[in-house]
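An overview of the molecular structure
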Amino acid sequence: MELELQEKLVQWEGETLKLVQSVKGIGSRASAELIIYTKVFKDMNSYKQLISYAGLSPTEYQSGSSIRGRVRICKQGGQQLRNILYMCALNAKKTNSHCRDLYDRLVAKGKNKKAALIAVCNKLLKIVFGVVKNRTLYQDIYLQKTT
């Protein structure tokens, strides 16, 4: 079934599939689910909408001035998409240099490892959104021109 799904996706949105799969840490199954769940990113105008749609946006619990809770993710979104992105983040912290740097920096600051992995999930979504909207393949070593 997975082969049939890949064939249908190549026929439907082959270029977008290639763009999403170019990001290190995102595999074929995760890219297929990202494309299907987001309807080829058609309704997304910013990466913040994509993060919110996946249920990975941070929310702070506060009641009045005395009761404060920890910052957690808002789980109003696709649970399956969130689970797949979590597994992609585990892979990306080993293979993607941008994600590895982010993870190491947050853990060194004292954040717990799960919160750092959620930050890596958000980073992956930002990268995927940028790649798809700009229609360019992901480059691990990307240098901006400085004028």
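Here's what I pulled together on the structure shown here. (Residues numbered from 1 in each chain as written. Predicted model: local features only at pLDDT ≥ 70, side-chain atom pairs only at ≥ 80, totals over all residues. Heavy atoms only, no water.)

1. Looking at the nonpolar core
Basically, it comes down to this: Remark: nonpolar core denotes a set of buried residues (Ala, Val, Leu, Ile, Met, Phe, Trp, Tyr, Cys) joined through side-chain atoms within 4.5 Å. Burial here depends on accessible area, computed with a 1.4 Å probe over protein chains only, as a share of the maximum for the residue type. Under 20% is buried, over 50% is exposed, and the range in between is partly exposed. Each helix corresponds to a stretch of at least 4 residues labelled H or I by DSSP, and each strand to a stretch of at least 2 residues labelled E; elements are numbered beginning at the N terminus. Contacts were defined at the residue level, with two residues in contact if any of their heavy atoms lie within 4.5 Å.
Ranked by internal contacts, the top residues of the largest apolar core, which has 40 residues, are Val20, Val23, Ile26, Leu56, Leu125 and Val128. Secondary-structure elements contributing two or more residues to this core are helix H1 (2-21), helix H2 (28-37), helix H3 (47-54), helix H4 (79-95), helix H5 (97-109) and helix H6 (113-134). Considering each element in turn, this core owes the most residues, 12 residues, to H6. Among residues more than four places away in sequence, those in contact with Val128 are Val20, Val23, Ile26, Leu34 and Phe41.

2. Remarks on a nonpolar patch on the surface
Spelled out, the test is: Like charges within 9 Å and nonpolar side chains (Val, Leu, Ile, Met, Phe, Trp, Tyr) within 5 Å are joined into patches, using only residues over 30% in relative accessible area that form no salt bridge. What sets the accessible areas is the Shrake-Rupley method with a 1.4 Å probe; for residues, cover comes only from the shown protein chains. Counted as salt bridges are all cases of a side-chain nitrogen of Lys or Arg within 4 Å of a carboxyl oxygen of Asp or Glu.
On the surface, Leu5, Trp12 and Ile36 cluster together into a nonpolar patch covering about 290 Å² of accessible area. Turning to its location among the elements, Trp12 is positioned in helix H1.

3. Thoughts on the environment of Thr16
We apply this condition: Each polar contact in these results corresponds to two N or O atoms within 3.5 Å; when the atoms are within protein, one needs to be able to donate a hydrogen and the other to accept it, and residues that are neighboring in sequence are counted only if both atoms are side-chain atoms.
The topology assignment puts Thr16 in helix H1. We classify Thr16 as buried; its relative accessible area is 0%. Here the alpha-carbon distance between Thr16 and Val131, two residues 115 residues apart in the chain, equals 9.1 Å. Excluding residues within four positions of it along the chain, Thr16 makes contact with Ile35, Val40, Phe41, Val132 and Arg135. There is a polar contact of 2.8 Å between the side chain of Thr16 and the side chain of Glu13.

4. Notes on the packing of H4 against H6
Spelled out, the test is: With axes taken as lines fitted to C-alpha atoms, and helix axes fitted only over the stretch in contact, angles between N-to-C directions fall between 0 and 180 degrees. For classification purposes, angles smaller than 35 degrees are called roughly parallel, those larger than 145 roughly antiparallel, those between 65 and 115 roughly perpendicular, and all remaining angles oblique.
The contact between H4 and H6 brings their axes to 9 Å, and the two run at 95 degrees. With respect to each other, H4 and H6 are oriented roughly perpendicular. Contacts between H4 and H6 involve Leu85, Tyr86, Cys88, Ala89, Leu90, Ala92 and Lys93 from the former and Lys114, Leu117, Ile118, Val120, Cys121, Leu124 and Leu125 from the latter.

5. Focus on the environment of Gly77
Assignment of secondary structure puts Gly77 in the loop between strand E2 (67-73) and H4. Given the relative accessible area of 37%, Gly77 is considered partly exposed. Distance in space between the C-alpha atoms of Gly77 and Ser57 is 9.6 Å, their sequence separation being 20 residues. Contacts of Gly77, omitting those with residues within four sequence positions, involve Tyr53, Ala54, Gly55 and Arg82.

6. So, a positive patch on the surface
Rule in force here: In this charge count, Lys and Arg are treated as positive and Asp and Glu as negative; neither His nor the chain ends contribute. In plain terms, the charge of a residue is placed at NZ if it is Lys, CZ if Arg, CG if Asp and CD if Glu.
A cluster of basic residues, Lys48, Arg105, Lys109, Lys111, Lys123 and Lys126, forms a positive patch at the surface. Of all the elements in the fold, those that place two or more residues in the positive patch are H5 and H6. Tracing the backbone through its elements, the reader meets Lys123 in helix H6.

7. What to know about the environment of Ala116
Relative to the helices and strands, Ala116 is located in helix H6. In this view, Ala116 contacts Tyr103, Leu106 and Val107; residues no more than four positions away in its chain are not counted.

8. With respect to H3
Here is the rule we go by: The arc in question is formed by the directions pointing from the helix axis toward the C-beta atoms.
Among the residues of H3, those classed as buried are Leu50, Ile51 and Ala54. What you see down the axis of H3 is that its buried residues fit within an arc of 100 degrees, all on one side. Summarising the contacts, the buried residues of H3 are in contact with H4 and H6. Looking at the residues trailing H3, positive phi occurs at Gly55, about 80 degrees.

9. Details of the pattern of salt bridges
A complete count under the given rule lists 2 salt bridges for this structure. The residue Glu15 makes a salt bridge to Arg135 at a minimum N-O spacing of 3.7 Å. Here Glu15 is found in helix H1, whereas its partner Arg135 is found in the segment after H6, with 120 residues between them in sequence. For Arg135, a relative accessible area of 37% puts it in the partly exposed group. Two residues, Glu33 and Arg29, come together in a salt bridge whose shortest N-O distance is 3.8 Å. Remark: Arg29 and Glu33 occur in helix H2; sequence separation between them is 4 residues, near one turn of the helix.

By themselves, these figures tell us nothing about what the structure is for.
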